[in-house]
Amino acid sequence: MQVFGALRHDWTTAEVRELFALPFNDLLFQAQSVHRQHFDPNEVQVSTLLSIKTGACPEDCKYCPQSARYDTGLKKERLMAVATVLQRAREAKQSGSTRFCMGAAWRNPHDRDMPAVIEMINEVKSLGMETCMTLGMLSPEQAVMLKEAGLDYYNHNLDTSPEYYGDVISTRTYQDRLDTLEHVRAAGMNVCSGGIVGMGESANDRAGLLVQLANLEPQPESVPINKLVKVMGTPLDQVEDLDEFEFIRTLAVARIMMPKSHVRLSAGREAMNEQMQALCFFAGANSIFYGCKLLTTSNPEEDADTRLFNKLGINTDRGRGYSDEAHEAALVDALNRQKTDVLFYDASA
């Protein structure tokens, strides 16, 4: 049996289909073997995701309840006050999250929004947490501004394969997404990029998505794999459910192809029982979102995750809720803010 684990950027769809075709036990064995080469098998990185601006997005992504084009009953909200974001971040840290992710339903941020966004980054980092944002497409200048504010990660998913993409989204191109990732990388930030499976795509499309992600150079530091959460009123609300074993296979193949990336078990986790989640962790998933909601869709409560972690022996030896790097960054940012506070204003006023 072939042994995997090398970092590559020349994957082909045919090779990836061969991985998917392995017997389930063999695939998981290979994925777990690769996982143990680069990570503690009993450590899962924990993030919290907060919607800082909800609804009224002009995009037409067929999976998304935040699109203004679909009637999903979602109440649109304006940009959240910085003080409210900071309170949610404190609660997330107390619950055990080490990274706080903030998402806004924008096609792209406007210049008027940037001061408040930058203040959010500064305040959350002052807690000693890593920061991540997903704000839509970024210009090179906006990416630099976020980096200079201290943003650690920027999330911008590719969603699916280039071939299937046009069946899901028409208001921005695949190249638009790749361009934003390039701007993020050029600014010096970590990349968080993954996709959604179960949108009616073919097995070739799932393989094609992973090829696109793995062949990025460097590969994304964080790779969220989302299982479609069907929301009534969206065009995909009646799509056939993806087989659960196929979802686990997707995680395992992602782990093999991107051996040094954190593979996040993301949306759709609420519908998974403990046994399925345990298989996902064994397949190489080593990051999750804590909390009762992912942007606008539900997620398992923190205490349910804690109970599962205790059953599996995950994160039992971690003595504190944040990394040395995040703590050091918080100290540096606190000093820098003393010099630059006059540059910021209260955008929530």
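Here we summarise the structure given alongside this text. (Residues numbered from 1 in each chain as written. Predicted model: local features only at pLDDT ≥ 70, side-chain atom pairs only at ≥ 80, totals over all residues. Heavy atoms only, no water.)

**A look at the packing of aromatic side chains**
To be explicit about the condition: Centre distance within 6.5 Å is the pairing criterion for rings of Phe, Tyr and Trp, where only the six-membered ring of Trp is used; planes under 30 degrees apart are then read as stacked, over 60 as edge-to-face, and the remainder as tilted. Numbering goes from the N terminus for both helices and strands, where a helix is a DSSP run of H or I of at least four residues and a strand is a run of E of at least two. A 1.4 Å probe rolled over the protein chains alone gives each residue an accessible area, and that area as a share of the maximum for its type sets the label: buried under 20%, exposed over 50%, partly exposed in between. Think of it as a cone above the ring: NZ of Lys or CZ of Arg counts as a charge over the ring if it is within 6 Å of the ring centre and within 35 degrees of the ring normal.
Applying the stated criterion to the full structure yields three aromatic pairs. Their ring planes at 90° and their centres at 5.2 Å tell us that Phe-24 and Phe-245 sit as a pair that is edge-to-face. Taken together, the residues span a long stretch of sequence, with Phe-24 in helix H2 (residues 24-38) and Phe-245 in helix H9 (residues 244-257) at a distance of 221 residues. For Phe-245, a relative accessible area of 48% translates into the label partly exposed. Seen in terms of ring centroids, Tyr-165 and Tyr-174 are 5.2 Å apart; in terms of plane orientation they differ by 85°. Their pairing is edge-to-face. This pair shows no difference in class: Tyr-165 is buried, exactly as Tyr-174 is. Stacked on the ring of Tyr-153, the Lys or Arg Arg-99 has its end atom at 3.7 Å from the ring centre. The side chain of Arg-264 reaches across the aromatic face of Phe-289, ending 4.5 Å from its centre.

**Some thoughts on helix H1 (residues 13-20)**
For clarity, the threshold we go by: When we speak of the arc, we mean the arc of directions from the helix axis to the C-beta atoms. We call two residues in contact whenever any of their non-hydrogen atoms come within 4.5 Å of each other.
Within the sequence span of H1, burial applies to Val-16, Leu-19 and Phe-20. Within H1, the buried residues cover an arc of 100° as seen down the axis, which keeps them to one side. Opposite the buried face of H1, at more than 90 degrees from it, the exposed residues are Ala-14 and Glu-18. Where the residues of H1 are buried, they touch H2, helix H8 (203-214) and H9.

**Brief notes about the pairing of strand E7 (residues 222-227)**
A regular strand places its side chains so that they alternate between the two faces of the sheet. The following threshold applies: Note on pairing: DSSP must find at least two bridges between two strands before they are called paired. Seen with its strands pointing away from the viewer, a crossover is right-handed when the path leading from the first strand over the helix to the second is clockwise.
Across the six residues of E7, six count as buried, placing the element largely inside the fold. Across the two faces of E7 the burial is the same, with Ser-222, Pro-224 and Asn-226 and Val-223, Ile-225 and Lys-227 all buried. Two strands pair when backbone bridges link them, and strand E6 (residues 195-197) and E7 are joined in this way by three bridges, in the parallel orientation. For Val-197, the partnering residue across the bridge sits in E7 and is Lys-227. Remark: the E6/H8/E7 crossover connection has right-handed handedness. For E7 and strand E8 (residues 262-265), the ladder comprises four bridges, and the chain directions are parallel. From the neighbouring strand, Pro-224 faces E8, where its bridge partner is Arg-264. In the classification by handedness, the crossover that spans E7, the intervening H9 and the parallel E8 is right-handed.

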